[in-house]
Amino acid sequence: MYLNDFEYFAPQTSAEALSLAARLGSKAKILAGGTDLLIMMKEKILKPECLININDIQEFKTISYVPGQGAVIGAAVKISALEHDSLIKDKYFALHQAAGELGSAQVRAMATVGGNSCHASPAAETPPPLAALGARVVICSSAGEKEMPVEKFILGNRKTALGEGELLTKFILPEPAPRSASRYAYIGLRDAMEIDAVNMAVNLVLEEDCRTVKNLKLVMGSVSPVPLVAEKIPGILIGKELTDELLAQAAQAACDEAKPISDIRASAEYRREMVAVLTRRVLKQAFHAAAGLKEA
Amino acid sequence: MGNPNFTQVGRSVPRVDGPAKVKGEAIYTDDMVLPRMAYGKIKRSPYAHALIKKIDYSKALALPGVLTVITGEEAPNKWGIVPQTANEVALAVGKVRYHNEGVAAVAAIDEETAEAALDLIEVEYEPLPVLLDPQESMRRANEVKIHDDAPENILHSGDQLFGDPDQAFAACTYILEREFHTSYVNHAFLEPQTALASYDVQNDKLQLWSSTQVPHYLHRQLSIVMEMPMNKIRVTVPAVGGAFGGKGEASPADFCAALLSRKTGRPVKVTYERSEVFATNKGRHPCQIKMKIGLNKDGYIQAVDFDNTMDGGAYAGWGMVVMFYTASMIHLPYKVPNAHARVRRVYTNKPTCGAMRGLGGIQPRYAMECMLDEMAEMMGVSAYELKMKNAVESGYRSVSNLHVPHSEYKKCLQTAVEKSGYLEKHGKLPFGKGIGLAGGYYISGTAYTLYQAYKPHTTVLIRVDTEGGVTVHCAAAEIGQGCNTVMAQMAAEALGIRFEDVHVVSGDTELGTFDLGSFASRLTYAAGAAIKEAAAEINLKLKETAAGMVGCRADQLEIKDGRFCSIFEPRKNIEWEKVVDLYTNSVGTLVGTGHFSPPRLKGIDLTRGKRVQGANIGHSPTFGFSSQVWEVDVDLETGKIRVERVTEAGDCGQAVNPMSVDGQVEGSIMFAMGQALYEEMKVDDQGKMINASLHDYKVPTAMELPEMNTTIVDSYDPTAPFGVKESGEGPVQPTIPAITNAIYDAIGVRFTELPITPEKVLQALKEKNSR
């Protein structure tokens, strides 16, 4: 359970961090919360020669919001900060919910939102709501900056689009549309400290009548190596009012698209069924919230 | 509640060990560091069943900082908690029988070096076929043998016949037969096993600090493995972070620390990782139970037939004892006039099963309480009525000669049923919501020592002087169950002083007088009896002194609230301390000793008056009882079970510390609920555990906690010291069947396999709908 020997860097600015990342390349791992990285090092799955701690860099640790434009969340923002931020709760409710379900209180106090995406676990909590809310990641290197949607950033189990010398520095979330609401739900054996068998987030926008679906994005987690954006559901629901029949169709579509596996936590068959249940539930909840109704 | 004349017993007081533990100041074995201390680590087998062909540790020895390496051949004496079946060794000799069994151990100047050295030990194995299921293990015994001396791969089996069940069944109106499968669970105590040994090479003495709950049995096993006389070994128990039976036998950590210390001449500490806790297990036996119950037309139980195949894992451990406990547990808490039990404990290539809170009771109780629920339905009566009708009363003697001196079981059933509204709710809640009832009991100590000896099971020495006040010496183990607090309360009660003024010295085989250990819910009763006897000796002597001081006869004095008072002339009284002062000045330090030996009850078939093999197990000086009503809410779409509320009522005799009883009951509820709904150790097809962490092995969290409404029913066992019984293992008994019965009430499915997971619930609902 001991870590290998490594060289430790604690850059104070993003420029320093980027130059270190460029210089050290694949020899270095970024230390954000460390709640996944250090465990993998203790279990000898990873033996990095260098660690770059990005927790001293102030701009990576802030949440900012400009009305009408949206929010920017630094990569090293702690999950607990996300969970307790009133703006996130108010504007990006699904992200607030997912943050509150990640690990234990101790883990949430250390873990970061950037780390949760960069670790790229298929069961991760925050990527589905980030993707559903239209978040884009900002990737920096000494050569410059680029942006991409979260669901394009995560490429597979423990695989991301990060290249050598690149850092995920922040997430950009668009201003929520009027009459929109987002919701997150998961299936796990326990109600705390759970690794989700299935999780899901939806962001749903209603027309001015507060009944007709104007737009939506539903993203499933833990049923594919990457956060899976439901492709057919928008076609089923946009322009329609939510009925039980349409909810059933949407649930079936999500089921058909999910690619679950059987593992220690659940069988593929059970996961697939739970995709249908969660799809109905999050859509209903988001609909009620967007319409300003009391939640069902 | 209980005896109204008591002032110290029956007082709810915070535990004496509580504040230090809560503040993180308690010193556990792993917190200890000694000068020149080295660190030990154990090399473990990647095979679940294999011959060891060769071990080469030359490279490990060459690593700077490594002090020594040991292998099994250096200490091949077999140890085991049950002497008749002792078959474990400190480190494997010639063969490994479960995945991650220890094959060598290293001592190094620091933990990191010790860990690095493990990778340098080269072990050559010849893999053998791996047997993981007890049925398969018995079937393939002629082809694969786990132990040479167990030709059928069976540790032990038993056949116990009482009365004439065949004839009784023939006359029954209602007969039900069911099969149950229970799960493979671990205690999940917080503190992994840890041992610190310091061998004095000049005097050939060994001091061991260990996270054990049985300092005496560990003492004995160390003597065997180390080939040292017991009087050269001292075992000390620092603060222990939970045990629940899992530390109820020695662990290889103890032996490896001791052997490495002797070999290096330095103190050596060995602390397990969580994965090693799972690998060495000693948790609950998975049981494959076939049970048959017969009732007459009025619902009185006529006969029980019990067949139990137990998956014991690789070694003997507590196995034979647990096996006979499962057989004994069918005789209570209901009157069973005829019974037949056939039980066998089978070896497999998995981490060994052993003692776990409520051992031997959980599995047959699950079967019996669920079946009685079903039989009540067959008869068209409530389960409450059926259970009340058959419940045992004070003075009952079972056909197997178990004697119940005192029982408030009916009061437990009645209280839980009334407080929960069971009769109003059962069968009437909306689909998906349910309520279930179950009962249970447990022993308050045993009748025999594990090695057949006549010596008392507990000795207490009370020392009184002007300097230390009152000190109670007893080598009992405080493992978090609160024995140091209740021993002080009982001593204070017996001496007529305040509990705050009593010191307890426990957990040390040299400073404390003899005690068997913390298991079988024996300690409050046993220590209570010994304390009473020791205090009587002290009181007698002090009364003689006090009588002269106040001017009355010694036998006319009573001691109350710290004063000696004449019974007939209350104005003649004097402070307790002044009497002690005079006694000490004139005679010197005062000591009193007391012993406890339980009644040596025999397991006989009362209808024939014949001894029955193994039926001595299960006898106890008295028994605690408990009843629980659980309410559940099943999510019909996900299969997830939400436990909403539990209403419990328990007969623990006189509660010595009601606050502690509440803690035991609430802890029991969470503990057993884990096995019912969440916990299960899983191994792959090669016997490797795939969830050997508290990340993947799911114990319930505070979020799963149901609303708890617990009641200590008014009870006092007049045959027991201070009227006491157990309270730490009885309340785990009803939980699993009560939850299962509640799930049946909710969705109409009777689950006979644990744990009851959402997937199983959903599958069962589908099967039900397709019928």
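Everything numeric here is computed off the predicted structure, so don't read it as measured data.

**Comments concerning the nonpolar core**
At step 1: By size, the foremost hydrophobic cluster in this structure holds 332 residues, and its most contacted members are Ala-254 of chain A together with Ala-257, Met-487, Ala-491, Ile-531 and Ile-739 of chain B.
At step 2: It is helix H15 (residues 523-550) of chain B that provides the largest number of residues to this core, a total of 13 residues.
At step 3: With near-sequence residues (within four places) excluded, Ile-531 of chain B lies in contact with Val-460, Val-472, Met-487, Met-490, Ala-491, Ala-494 and Gly-594 of chain B.

**Examining the sheet that holds strand S13 (residues 287-295) of chain B**
Residues and elements named next belong to chain B.
At step 1: Overall, mixed pairing links the five strands, which are arranged S7-S15-S14-S13-S8 in an open sheet. Each end of this open sheet is capped by a strand with a single partner; those strands are strand S7 (154-162) and strand S8 (174-181). Going from strand to strand, the sheet's axes swing by 5° on average, the running direction of each strand aside.
At step 2: Pairing geometry for S13 and strand S14 (residues 301-313), over nine bridges, is antiparallel. Bridge assignment links Gly-294 to a residue of S14, and that residue is Ala-303.
At step 3: Together, S7, S13, S14 and strand S15 (339-347) form the strand contacts of helix H9 (residues 319-328), whose direction differs from that of S7 by roughly 25°.

**Side note on the packing of helix H14 (residues 483-495) of chain B against H15 of chain B**
Residues and elements named next belong to chain B.
At step 1: Running from amino to carboxyl end, H14 crosses H15 at an angle of 35°, the nearest separation of the two axes being 9 Å. Helix-helix and strand crossings are classified by hand; for H14 and H15 the assignment is right-handed. Listed contacts from H15 to Cys-483, Val-486, Met-487, Met-490, Ala-491, Ala-494 and Leu-495 of H14 are Leu-523, Thr-524, Ala-527, Gly-528, Ile-531, Lys-532, Ala-535, Ile-538 and Asn-539.
At step 2: Residues belonging to the contact of H14 with H15 are distributed by class as follows: twelve nonpolar, three polar and one charged.

**Some remarks on unusual backbone geometry**
Residue and element names in this part refer to chain B.
At step 1: The linkage connecting Leu-332 with the following residue, Pro-333, adopts the cis geometry, with an omega of 5°.
At step 2: Note that the residue after Leu-754, namely Pro-755, is joined by a cis bond; omega there is -10°.
At step 3: Within the fold, Pro-755 resides in the loop between helix H18 (735-747) and helix H19 (758-770).
At step 4: Phi is positive for Phe-244, which is not a glycine, with a value near 55°.
At step 5: If you trace the backbone, Phe-244 turns up in the loop between strand S11 (233-236) and helix H7 (252-264).
At step 6: Judged by C-beta crowding, with 26 C-beta atoms within 10 Å, Phe-244 ranks as buried.
At step 7: Here Asn-401, not a glycine, exhibits a phi torsion of approximately 80°, which is positive.
At step 8: Following the sequence through the fold, Asn-401 ends up in the loop between strand S16 (396-397) and strand S17 (403-404).
At step 9: Classification of Asn-401 as buried rests on a count of 21 C-beta atoms within 10 Å.

**A few points about the domain arrangement of chain B**
The figure often quoted for interface size is the accessible area lost as the parts come together.
Residue and element names in this part refer to chain B.
At step 1: You can read the domains of chain B as domain 1 (18-24 + 455-596), domain 2 (32-128 + 190-243 + 247-280) and domain 3 (287-448 + 605-770).
At step 2: Taking the mean C-alpha position of each, domain 2 and domain 3 sit 36 Å from one another.
At step 3: In this assembly, 19 residues from domain 2 lie in contact with 22 residues from domain 3.
At step 4: Among the residues making up the side of domain 2 that touches domain 3, the classes are represented as seven nonpolar, eight polar and four charged.

**Considerations on the packing of helix H11 (residues 383-390) of chain B against helix H12 (residues 409-420) of chain B**
Residue and element names in this part refer to chain B.
At step 1: Where H11 meets H12, the closest approach of the two axes is 9 Å, and the angle between their N-to-C directions is 165°. By the criterion of interaxial angle, the relationship of H11 to H12 is roughly antiparallel. Classified by chirality, the crossing of H12 by H11 is left-handed. Every residue of H12 that contacts H11 at Tyr-384, Lys-387 and Met-388 is listed here: Lys-410, Leu-413 and Val-417.
At step 2: For the contact of H11 with H12, a count of residues per class yields four nonpolar, no polar and two charged.

**Quick word on the pairing of strand S23 (residues 563-566) of chain B**
Residues and elements named next belong to chain B.
At step 1: Pairing analysis gives four bridges linking strand S22 (residues 557-560) to S23, with the strands arranged antiparallel. Looking across to S23, one finds that Lys-560 is bridged to Arg-563.
At step 2: Counted between consecutive antiparallel strands, the loop separating S22 from S23 contains two residues, among which Asp-561 sits at a positive phi close to 50°.
At step 3: Between S23 and strand S24 (residues 573-575), which follow one another and run antiparallel, lie six residues.

**Description of the sheet that holds S22 of chain B**
All names here are of chain B.
At step 1: Judged by pairing direction, the sheet is antiparallel, and its three strands sit side by side in the order S22-S23-S24 without closing on themselves. Single-partner strands in this sheet number two, and they are S22 and S24. Direction aside, neighbouring strands of the sheet carry axes that sit 20° apart on average.
At step 2: Bridge count for S23 against S24 is three bridges, and the pairing is antiparallel. The residue of S24 that forms the bridge with Arg-563 is Glu-575.
At step 3: Against the sheet, helix H16 (residues 576-586) makes contact with S22, S23 and S24, and its axis sits at roughly 75° relative to S24, the strand it touches most.

**A word on the pairing of S15 of chain B**
All names here are of chain B.
At step 1: For S15, the tally of buried residues reaches eight of nine residues, placing the bulk of the element in the interior.
At step 2: Here S14 pairs with S15 via nine bridges, running parallel. Bridge pairing in S15 places Asp-307 opposite Arg-342.
At step 3: Each parallel crossover has a hand, and the one from S14 via H9 to S15 is right-handed.

**So, the environment of Pro-721 of chain B**
All names here are of chain B.
At step 1: Note that Pro-721 resides in the loop between strand S30 (707-712) and H18.
At step 2: Exposure remark for Pro-721: the 24 C-beta atoms within 10 Å place this residue in the buried category.
At step 3: Considering only alpha carbons, one finds Pro-721 and Val-9, 712 residues apart in sequence, at a separation of 11 Å.
At step 4: With near-sequence residues (within four places) excluded, Pro-721 lies in contact with Tyr-525, Gly-528, Ala-529 and Lys-532.

**Observations concerning the interface of chain A and chain B**
At step 1: At the interface, 15 residues of chain A touch 18 residues of chain B.
At step 2: If one sorts the elements of the side of chain A that touches chain B by residue count, helix H12 (residues 268-290) of chain A sits on top with four residues.
At step 3: Across the side of chain A that touches chain B, the residue classes tally to eleven nonpolar, one polar and three charged.

Criteria and thresholds
- Residues numbered from 1 in each chain as written.
- Chains lettered and ligands numbered in written order.
- Predicted model: local features only at pLDDT ≥ 70, side-chain atom pairs only at ≥ 80, totals over all residues.
- Core = buried A, V, L, I, M, F, W, Y, C linked by C-beta atoms within 7 Å.
- Buried ≥ 20, exposed ≤ 12 C-beta atoms within 10 Å, placed from the backbone.
- Helix = DSSP H or I, 4+ residues; strand = E, 2+ residues; numbered from the N terminus.
- Contact = placed C-beta atoms within 7 Å.
- Pairing = 2+ DSSP bridges.
- Axes fitted to C-alpha atoms, helices over the stretch in contact; angles between N-to-C directions.
- Left-handed = near helix turned anticlockwise from the far one by under 90°.
- Nonpolar A, V, L, I, M, F, W, Y, C, P; charged D, E, K, R; others polar.
- Domains from an automatic or database assignment.
- Parallel < 35°, antiparallel > 145°, perpendicular 65-115°, else oblique.
- Right-handed = clockwise from strand over helix to strand, strands pointing away.

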